[in-house]
Amino acid sequence: MKNKKYVISKSPKELLMSSMPCRAKTNVMFLKTHKTASSTVLNIMFRFVERYNLTVALPADQLVHLGYPKTFLAHFVEDFETIGQNYNIMCNHLRFNPSEVRKVMAENTFYFSILRNPIPLLESSYIYYKDTVPAFRISKNVNVYLASPLEYYYPENYKQNIYARNIMWFDFGYDNNAVANEKYVQAVLKDIEKNFHLILIADYFDESMILLKHTLCWDLDDVIYFKLNSRSQDTVQTLTPESKERIKTWCSLDWKLYLHFNQSFWNRIEETIGLTLLEKEVNLLRTRQKELMETCLLDQEAVGKDYIKDKALLPFQSGSANILGYNLRQDLDNRTLRTCQKMVMPELQYTSYLYSLQHPHKKRKRLGLPSLWTSSQEKMQLSTPN
């Protein structure tokens with residue numbers, strides 16, 4: 001077994017499924033929301049970019065996001081002045097601003113995003129942004145914070161506290177401190193429905209990937225993933241039943257947003273795929289994922305930051321979270337190794353890597369992390385077919 005070479009291959013069933021009589025959409029804008037499994041979606045998007053040799057709207061200069069938390073402007077994209085409306089994919093963090101995004105993306109672009117239940121989302125934000133958000137930093141724990149958030153959430157710090165209240169509402173470009181009256185909420189929901197073709201739900205991630213696959217006419221391997229930017233269970237704080245209810249009030253805009261699009265998500269599945277086919281395809285996705293984990297991963301699962309052997313694959317660490325990563329097998333042929341590396345590559349490293357390929361004459365992004373590729377490896381990557 002020691003010298004066995006692991007190679008990625010497709011089963012006949014998957015090849016049959018991938019030969020659909022429609023054309024894959026390649027102009028796609030993904031609004032990357034916070035703490036919603038969006039780093040995993042970004043990895044899917046970046047791999048799709050490479051597979052089809054597409055152009056991605058990457059952050060300009062040394063930025064690793066598209067101006068966030070500022071409202072997005074077209075010049076936040078590298079080379080926008082020369083490339084204009086010829087980008088295929090946009091998926092790095094930005095605060096949505098439809099008129100400016102449309103300056104960058106083609107008219108036939110497909111727009112989608114992802115939401116998560118605000119209850120686990122707020123707990124995740126609390127741990128991840130504990131050191132940087134004033135409202136979180138000065139409170140003892142998440143339950144103490146939620147018992148009386150206005151003791152810690154000062155209006156004058158609203159720019160630093162965006163992660164502490166209605167963060168998804170903010171990411172979509174709206175006022176996260178607005179009063180949640182019904183007329184205002186309904187107007188925003190209609191606005192989002194007008195601007196986005198599809199809203200996925202992180203709590204049903206596999207189901208979301210199948211719906212995305214069908215909607216974009218992608219194949220199964222386009223939506224296969226390893227979970228990225230997740231944290232170890234020992235950093236999760238247990239929310240009390242009272243805290244869970246308080247989140248629905250404190251983050252009422254996000255709560256209404258989530259309830260509305262969770263309903264539309266399931267309606268969309270019933271109208272387009274049906275629950276029977278959905279279940280079949282979710283099982284195929286999980287089987288394929290398991291095969292790839294056995295092929296690629298040394299430990300068959302994500303490991304804590306201290307156990308990641310290749311520090312170039314270490315995810316960015318934040319707050320009190322222990323962000324997990326992966327160790328790859330050592331017995332992979334070159335082609336399989338590259339496929340596996342891309343599946344586990346953390347967001348910052350992948351952004352920097354694509355930036356160096358797409359803008360070779362620009363100064364590399366400084367991440368404060370070990371470089372994943374040497375110049376010679378980059379040349380090999382460009383000259384070797386995928």
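Note: the structure precedes this text.
These numbers were taken from a predicted model, which means no experiment stands behind them.

Peer 1: It is not clear to me how the overall build of the chain should be interpreted in this structure. Could you clarify?
Peer 2: Tallying secondary structure elements over the chain gives 17 helices and four strands in all. A total of 386 residues make up the chain; the buried ones form 55% of that total. Taking contacts inside the chain between residues at least 6 apart in sequence as the whole, the part at least 24 apart equals 73%. A total accessible area of about 18000 Å² is found for the chain, and carbon and sulfur atoms account for 52% of it.

Peer 1: Any chance you could explain the pairing of strand 3 (residues 110–115) here in plain terms?
Peer 2: Residues in a regular strand point their side chains to alternate faces of the sheet. Of all six residues that make up strand 3, six are buried, and the element is covered over most of its length. Every second residue of strand 3 is oriented toward a common face, with F110, F112 and I114 on one face and Y111, S113 and L115 on the other, all of them buried. Across four bridges, strand 1 (residues 28–31) lies against strand 3 in parallel orientation. Within the sheet, the bridge partner assigned to M29 lies in strand 3 and is Y111. Across four bridges, strand 3 lies against strand 4 (residues 198–201) in parallel orientation. When the sheet's bridge partners are listed, L115 is paired in strand 4 with I201.

Peer 1: Got a minute to help me understand the sheet that holds strand 4 in this structure?
Peer 2: Strand pairing within a sheet occurs via backbone hydrogen bonds; the two strands may be parallel or antiparallel. A sheet is described by the order of its strands in space; here four strands give the open sequence 2-1-3-4, paired in parallel fashion. Whereas interior strands pair on both sides, the edge strands pair on one side only; in this sheet they are strand 2 (89–90) and strand 4.

Peer 1: How should I be thinking about the environment of Q349 in this particular structure?
Peer 2: Along the polypeptide, Q349 turns up in helix 16 (residues 347–358). Using a relative accessible area of 4% as the deciding quantity, one classes Q349 as buried. Spatially, the C-alpha atom of Q349 lies 10.0 Å from that of R366, the residues being 17 residues apart in sequence.

Peer 1: Is there a simple way to explain the packing of aromatic side chains in this structure?
Peer 2: Aromatic rings considered in pairs are described by the distance between their centres and by the relative angle of their planes. Taken as a whole and assessed by the stated rule, the structure comprises 27 aromatic pairs. Between the aromatic rings of F48 and W218, the centroid separation amounts to 3.7 Å while the plane-to-plane angle is 15 degrees, which identifies the pairing as stacked. Taken together, the positions of F48 in helix 2 (residues 38–51) and W218 in the loop between helix 10 (205–216) and helix 11 (220–223) put the pair 170 residues apart, joining distant regions of the chain. A single burial state applies to F48 and to W218, both of which are buried. By the ring-pair criterion, three or more aromatic residues cluster together here, those being Y126, F136, Y145, Y152, Y153 and W250. Across the ring face of Y128, the terminal group of K35 is positioned such that the distance to the ring centre comes to 3.5 Å. Across the ring face of F170, the terminal group of R95 is positioned such that the distance to the ring centre comes to 3.7 Å.

Peer 1: I tried to follow the nonpolar core on my own but got confused; where do I start?
Peer 2: Generally speaking, soluble globular proteins have nonpolar side chains that are buried together. Membership of the largest hydrophobic core comes to 117 residues, with the highest contact counts inside it found for M90, V104, F112, Y145 and M209. Discounting chain neighbours no more than four positions away, the residues touching Y145 are L122, Y126, A135, F136, S139, Y152, Y153, A164 and W250.

Peer 1: Just to check I follow, could you spell out the pattern of salt bridges for this structure?
Peer 2: Two side chains bearing opposite charge may form a pair once their charged atoms approach each other closely. Under the counting rule described, the total for this entry stands at 14 salt bridges. Close ionic contact of E78 with K362 constitutes a salt bridge, the shortest N to O distance being 3.3 Å. Residue E78 is found in the loop between helix 2 and helix 3 (80–83), and its partner K362 is found in the loop between helix 16 and helix 17 (375–383); the two are separated by 284 residues along the sequence. Residue E78 is classed as buried on the basis of its relative accessible area of 5%. In this structure K362 comes out as partly exposed when scored by relative accessible area, which is 35%. Of the charged contacts in the structure, one is a salt bridge between K362 and D79, with a shortest N-O distance of 3.2 Å. Here the residue K362 occupies a position in the loop between helix 16 and helix 17, and D79 occupies one in the loop between helix 2 and helix 3, the gap between them amounting to 283 residues. Each of R51, D219 and D222 takes part in one network of salt bridges that share partners.

Analysis parameters
- Residues numbered from 1 in each chain as written.
- Predicted model: local features only at pLDDT ≥ 70, side-chain atom pairs only at ≥ 80, totals over all residues.
- Heavy atoms only, no water.
- Helix = DSSP H or I, 4+ residues; strand = E, 2+ residues; numbered from the N terminus.
- Buried < 20%, exposed > 50% of the residue type's maximum accessible area, 1.4 Å probe, protein only.
- Contact = heavy atoms within 4.5 Å.
- Areas by Shrake-Rupley, 256 points an atom, 1.4 Å probe, with all protein chains shown as cover.
- Pairing = 2+ DSSP bridges.
- Phe/Tyr/Trp six-rings, centres within 6.5 Å; stacked < 30°, edge-to-face > 60°.
- Lys NZ or Arg CZ within 6 Å of the ring centre and 35° of its normal.
- Core = buried A, V, L, I, M, F, W, Y, C linked by side-chain atoms within 4.5 Å.
- Salt bridge = Lys/Arg side-chain N within 4 Å of Asp/Glu carboxyl O.

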